[in-house]
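Take a look at the letters that make up each chain.
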Amino acid sequence: MLRILYNSQVAMNAQQDKLDTISNNIANQGTEGYKRTDVQFSDLVYESLSKRGYAYNNNPQTTLQTGTGVRASSHLRDEHQGNLKETDSSTDFAIDGDGYFSVRMNDGTTAYTRDGSFNIDGNGNLVDKNGYFINIDFFKNDGNGNLIDQDGNKTLNKVDNNGNILDANSKSTGINISNIKFSSDNFAVQKDGTVILKENNQNVAVGRINLYTGISAGFSEIGNNLFVAKQGVQVQQAKNSDIIQGFLEGSNVDLGKEMTDLLITQRAFELSSKGMKTADEMWNIANNLKH
Amino acid sequence: MIRALYTAVSGMTTQESRQDIITNNMANVNTVGFKSDNLQVKSFKDVLLHNNDRIVNGINVSNIIGSLSQGSQIDGVTTDFTSGTIQSTDSSTDFAIDGNGFFTVSRDNGISQQNYYTRDGHFHVNSDGYLVTDSGDKVLGRSVTINGNSVTYGALGPIRGTMGKVEGDANGLKMDGQSYRLDTVDFGNANSLKKVGDNLYQGSNPVENPNIEVKQYSLEKSNVNVISCMTDMMTTLRAFESDQKVIQSIDETLDKSVNVVGSVR
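Overview of the structure. Please read these numbers as outputs of a predicted model, since none were measured by experiment.

Some words on the packing of helix α1 (residues 2-27) of chain A against helix α1 (residues 2-27) of chain B
Following both chains from N to C, one finds α1 of chain A and α1 of chain B inclined at 5 degrees, their axes separated by 8 Å at the closest point. Between α1 of chain A and α1 of chain B, the interaxial angle falls into the category roughly parallel. When α1 of chain A is examined against α1 of chain B, the residues Arg3, Ile4, Asn7, Ser8, Ala11 and Gln15 of chain A are found in contact with a partner set consisting of Glu16, Gln19, Asp20, Thr23, Asn24 and Ala27 of chain B. In terms of residue class, the contact of α1 of chain A with α1 of chain B is made up of 3 nonpolar, 6 polar and 3 charged.

Focus: the sheet that holds strand β16 (residues 164-166) of chain A
Within a sheet, each strand pairs with its neighbour through backbone hydrogen bonds, oriented either parallel or antiparallel. Residues and elements named next belong to chain A. The strand order across the open sheet built from 5 strands is β13-β14-β15-β16-β17, with neighbouring strands paired in antiparallel fashion. Both outer strands of the open sheet, β13 (140-141) and β17 (172-176), are each paired with one neighbouring strand and no more. Here β16 pairs with β17 via 2 bridges, running antiparallel. Within β17, the position partnered with leucine 166 by the bridge is serine 172.

As for the interface of chain B and chain A
Between chain B and chain A, the residue contacts involve 65 residues of the former and 64 residues of the latter. Summed over both partners, the interface of chain B with chain A comes to about 5200 Å²; 57% of that surface belongs to carbon and sulfur atoms. Sorting the residues of chain B by area buried against chain A places Asp20, Asn30 and Met163 of chain B first, and these three jointly supply 12% of that buried surface. Between chain B and chain A we count 4 salt bridges in total. Across the salt bridge formed by aspartate 198 of chain B and arginine 71 of chain A, the nearest N and O atoms sit 2.7 Å from each other. Elements supplying a minimum of two residues to the side of chain B that touches chain A: α1, β1 (37-43), β4 (72-79), β9 (124-125), β18 (194-197) and α2 (226-261) of chain B. If you tally residues by element for the side of chain B that touches chain A, the top one is α1 of chain B, at 12 residues. Classifying every residue of the side of chain B that touches chain A gives 22 nonpolar, 28 polar and 15 charged.

Digging into the side chain of asparagine 146 of chain A
Residues and elements named next belong to chain A. Considering the arrangement of structural elements, one finds asparagine 146 in strand β14 (residues 146-148). At a separation of 3.0 Å, a polar atom in the side chain of asparagine 146 contacts the side chain of lysine 158. Setting aside anything within four residues of it in sequence, one finds asparagine 146 in contact with Lys140, Asn141, Lys154, Asn157, Lys158 and Val159.

Concerning the packing of helix α2 (residues 255-287) of chain A against α2 of chain B
Interhelical geometry of α2 of chain A versus α2 of chain B gives an angle of 5 degrees and a closest axis separation of 10 Å. By the criterion of interaxial angle, the relationship of α2 of chain A to α2 of chain B is roughly parallel. Here Leu271, Lys274, Gly275, Thr278, Glu281, Met282, Ile285 and Ala286 of chain A of α2 of chain A come into contact with α2 of chain B, specifically with Val226, Met230, Met233, Leu237, Arg238, Phe240, Glu241 and Gln244 of chain B.

Thresholds, definitions, all that
Residues numbered from 1 in each chain as written. Chains lettered and ligands numbered in written order. Predicted model: local features only at pLDDT ≥ 70, side-chain atom pairs only at ≥ 80, totals over all residues. Heavy atoms only, no water. Axes fitted to C-alpha atoms, helices over the stretch in contact; angles between N-to-C directions. Helix = DSSP H or I, 4+ residues; strand = E, 2+ residues; numbered from the N terminus. Parallel < 35°, antiparallel > 145°, perpendicular 65-115°, else oblique. Contact = heavy atoms within 4.5 Å. Nonpolar A, V, L, I, M, F, W, Y, C, P; charged D, E, K, R; others polar. Pairing = 2+ DSSP bridges. Buried area = accessible area lost by both parts, 1.4 Å probe. Salt bridge = Lys/Arg side-chain N within 4 Å of Asp/Glu carboxyl O. Polar contact = N/O pair within 3.5 Å; in protein donor to acceptor, adjacent residues only side chain to side chain.

Put into structure tokens, the structure is as follows:
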């Protein structure tokens with residue numbers, strides 16, 4: 001009798017687990033960059049039916065075991081991209097494709113995020129919602145007056161010994177590589193991540209925002225839409241993704257799928273509750289063998 | 001009378017075992033690739049009843065009355081390997097087998113490594129880059145290299161990549177650009193397979209069969225039929241109740257024979 005009761009009990013718990021996840025997905029339907037969680041089930045260990053008091057035949061053609069129920073075994077993040085929404089804010093960015101922005105947290109560790117709703121702080125730095133700096137690879141002086149990017153490739157501009165970027169006529173553009181300040185209307189980011197500063201009617205490329213990617217199971221959530229890479233996980237630059245300025249990525253929750261899953265899970269919960277009711281009735285019958 | 005009591009009790013315990021199996025099926029109604037179980041019930045071998053009521057030449061001799069069954073016993077549990085419905089998903093690491101066959105996975109418990117078999121194709125890439133099941137067991141396959149017209153298959157081993165990007169491929173799947181064929185096997189006698197939990201089966205003598213159709217972006221649902229479960233649960237409950245009534249009436253008869261028939265009044 002207990003086996004019947006416990007099978008039904010663990011099944012109800014497992015379906016409850018899935019219901020919790022579904023409701024969390026639905027609650028985060030409007031959260032930017034939210035990735036829905038998917039739940040699947042696995043059966044539990046099998047126990048022998050050859051118990052004391054049971055009559056059984058040792059038939060070698062069959063096994064003599066019963067299952068002990070089910071558990072919700074996998075809570076995996078669904079990494080599909082959400083819809084991109086236009087916001088008209090020059091500090092909003094969306095990633096089209098794989099990859100994460102890289103931010104530097106207060107203690108110096110690198111975190112990753114898909115949430116591109118950035119701001120400009122009081123010092124002219126690009127920061128995320130939590131105030132962490134967005135890692136930008138600014139161009140540098142290669143020692144010979146050439147402005148080079150992080151791979152060592154020469155850009156269109158030259159730079160003087162004081163760090164001022166020079167235009168095509170070797171006149172200073174007014175931009176100094178050690179003192180780049182952003183404001184809401186003085187910069188643009190191209191699809192490949194190149195950051196362009198607009199100063200004195202000139203557009204000068206000053207750096208690049210890179211995207212990073214790795215095995216998705218190697219990133220763990222730490223809240224605030226941030227992820228950190230686990231020990232030993234290889235993080236590489238994502239080469240095939242675009243950064244779109246003025247857009248934000250919505251959540252990837254599909255309400256139709258969530259509602260269908262909700263119905264199925266609710267009915268499965270109900271089915272096992274009938275099992276529990278039957279266990280109760282059977283035990284009642286056994287108890288009343290002798291009036 | 002006592003014999004009848006034990007016959008009825010054997011019926012009750014058998015119905016209880018049957019209910020155990022049914023509730024496990026119901027618990028796994030949403031488990032990917034689950035195959036429902038059935039309890040086989042067999043009656044005990046008949047016994048020969050005889051008394052000494054026959055008179056031959058003035059002496060009472062043995063008189064055979066007939067044979068009688070002594071109740072029911074559990075014969076065993078068989079698994080129904082009918083395919084479940086195949087559902088389309090949008091995940092490149094979801095696989096389903098159309099028809100017979102199993103995926104092969106390898107479990108390493110630190111002391112030894114053993115192969116298990118499963119119908120549950122809900123795989124993912126873990127943080128070490130291996131293609132694994134929900135319980136962390138590595139999925140086995142062979143790498144596929146095509147040189148012009150000749151195709152070479154690598155050794156059987158876990159499928160691993162550095163970036164974990166899985167795409168579709170005519171051979172099965174492509175992980176980080178390398179094609180793989182999933183190891184699919186058949187068993188001559190499906191009844192020799194034993195369920196061990198985590199949606200895995202333990203079996204011996206698997207036969208590798210590359211012609212088993214594997215569908216990507218699909219999952220096989222449980223083959224549990226909810227209506228059969230509810231009906232079986234009801235019939236089992238009522239059979240259990242009938243056995244209770246039999247025991248109660250035997251009890252009453254015994255009560256009469258002990259307390260009334262033999263009483264001295």
